Amino acid sequence: MSEVIVVTSGKGGVGKTTTSAAFATGLAMRGHKTVVVDFDVGLRNLDLIMGCERRVVFDIINVIQGEANLKQALIKDKRVENLSILPASQTRDKDALTKEGVEKILNELRETFDYIVCDSPAGIERGAHLALYFADKAIVVTNPEVSSVRDSDRILGVLASRSKRAEDGRPPVKEQLLLTRYDAARVERGEMLKVEDVQEILAIPLLGIIPESQSVLSASNQGVPVILEDNSTAGKAYADAVSRFLGEDVPHRFVSPEKKGLFSRLFRGAA
């Protein structure tokens, strides 16, 4: 049965689009037919991170307004066989997104795909609400800082009260926490919140801890989802999170500062 997954947070710049790209790619690599949908109408960054910006002809608004059909707007990823992208519009207003239009698209996507990953814009305005409204599961992305966690807590309230599942009286959206840009050394120095602190505030299951990594920016600039970067700690952490999402028991990594070897300590002392 097809599932709609929203990648959401209350704050911008926490890594939602990076997460959407990596997570959708990871699910597709595991053999699941997956589509990632960009709901950030007016900005549109998902296609850049997925490396398909030059292949965008039609977008989600074109489909909603009947200017193109869904097959025309979907872009097949060239690297991962089971992966497709539905881009947002760069020129339209968010008001062009309608609940009826989004529902029709999602119902059509459900006929073809196992997982529909919705890349939500920040905040709780129209685009963000429609991205989460039809969700079955939510990946709540937050950084280990007070303002980010507070905004994520607000989003949990919206998921609990304003989703279609809540309106219909069905079981609630299943929420999971993804902690991004985690710097274990800064946490140890008291400059960032600990994993346990974030969990205590949000009180939802921990899906993954994504370490701060230069490879995230590098991969994004190259149009490559970071999960495809084999040597990246962030890529490995996203792969772990996908495995947990699929029900595997995978221990969390990158929680503690990396221990320096003897040679690196000696060279650091000599520097």
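This report concerns the structure included in the present document. On a predicted model such as this, the values are computed, not experimentally measured, just so you know. (Residues numbered from 1 in each chain as written. Predicted model: local features only at pLDDT ≥ 70, side-chain atom pairs only at ≥ 80, totals over all residues. Heavy atoms only, no water.)

In terms of regular secondary structure, the chain is built from 13 helices and eight strands. The dimensions of the chain, computed from C-alpha atoms along their principal axes, are 65 × 40 × 35 Å. Out of the 271 residues belonging to the chain, those deemed buried represent 53%. Considering only residue pairs separated by 6 or more positions, the chain has 74% of its internal contacts joining residues 24 or more positions apart. About 12900 Å² of surface is accessible on the chain, with carbon and sulfur atoms providing 48% of the total. (Helix = DSSP H or I, 4+ residues; strand = E, 2+ residues; numbered from the N terminus. Buried < 20%, exposed > 50% of the residue type's maximum accessible area, 1.4 Å probe, protein only. Contact = heavy atoms within 4.5 Å. Areas by Shrake-Rupley, 256 points an atom, 1.4 Å probe, with all protein chains shown as cover.)

What follows deals with the nonpolar core. Judged by nonpolar contacts, the single largest core of 50 residues is most densely connected at Ile-60, Leu-97, Leu-109, Ile-116 and Leu-159. A total of five residues in this core trace back to one element, the largest contributor, which is helix α7 (residues 146-162). Among residues more than four places away in sequence, those in contact with Leu-97 are Phe-39, Val-41, Ile-60, Ile-61, Ile-64, Val-102, Arg-126, Gly-127 and Leu-130. Of all hydrophobic cores here, the second largest spans 35 residues; its members include Val-7, Ala-24, Leu-178 and Ala-241. (Core = buried A, V, L, I, M, F, W, Y, C linked by side-chain atoms within 4.5 Å.)

Looking now at helix α11 (residues 214-222). Of all the residues in α11, the buried ones are Ser-215, Ala-219 and Ser-220. Relative to the axis of α11, the buried residues are bounded by an arc of 135 degrees and lie together on one face. Facing away from the buried side of α11 by more than 90 degrees, the exposed set consists of Gln-214 and Asn-221. At its buried positions, α11 is contacted by α1 (16-29), α2 (46-49) and α12 (233-245). (Arc of directions from axis to C-beta.)

Non-glycine residue Arg-44 carries a positive phi angle of around 60 degrees. Along the chain, the position of Arg-44 falls in the loop between β2 (34-38) and α2. With a relative accessible area of 12%, Arg-44 lands in the buried category. Non-glycine residue Phe-254 carries a positive phi angle of around 65 degrees. Relative to the helices and strands, Phe-254 is located in the loop between α12 and α13 (262-270). Its relative accessible area of 24% is what places Phe-254 among the partly exposed residues.

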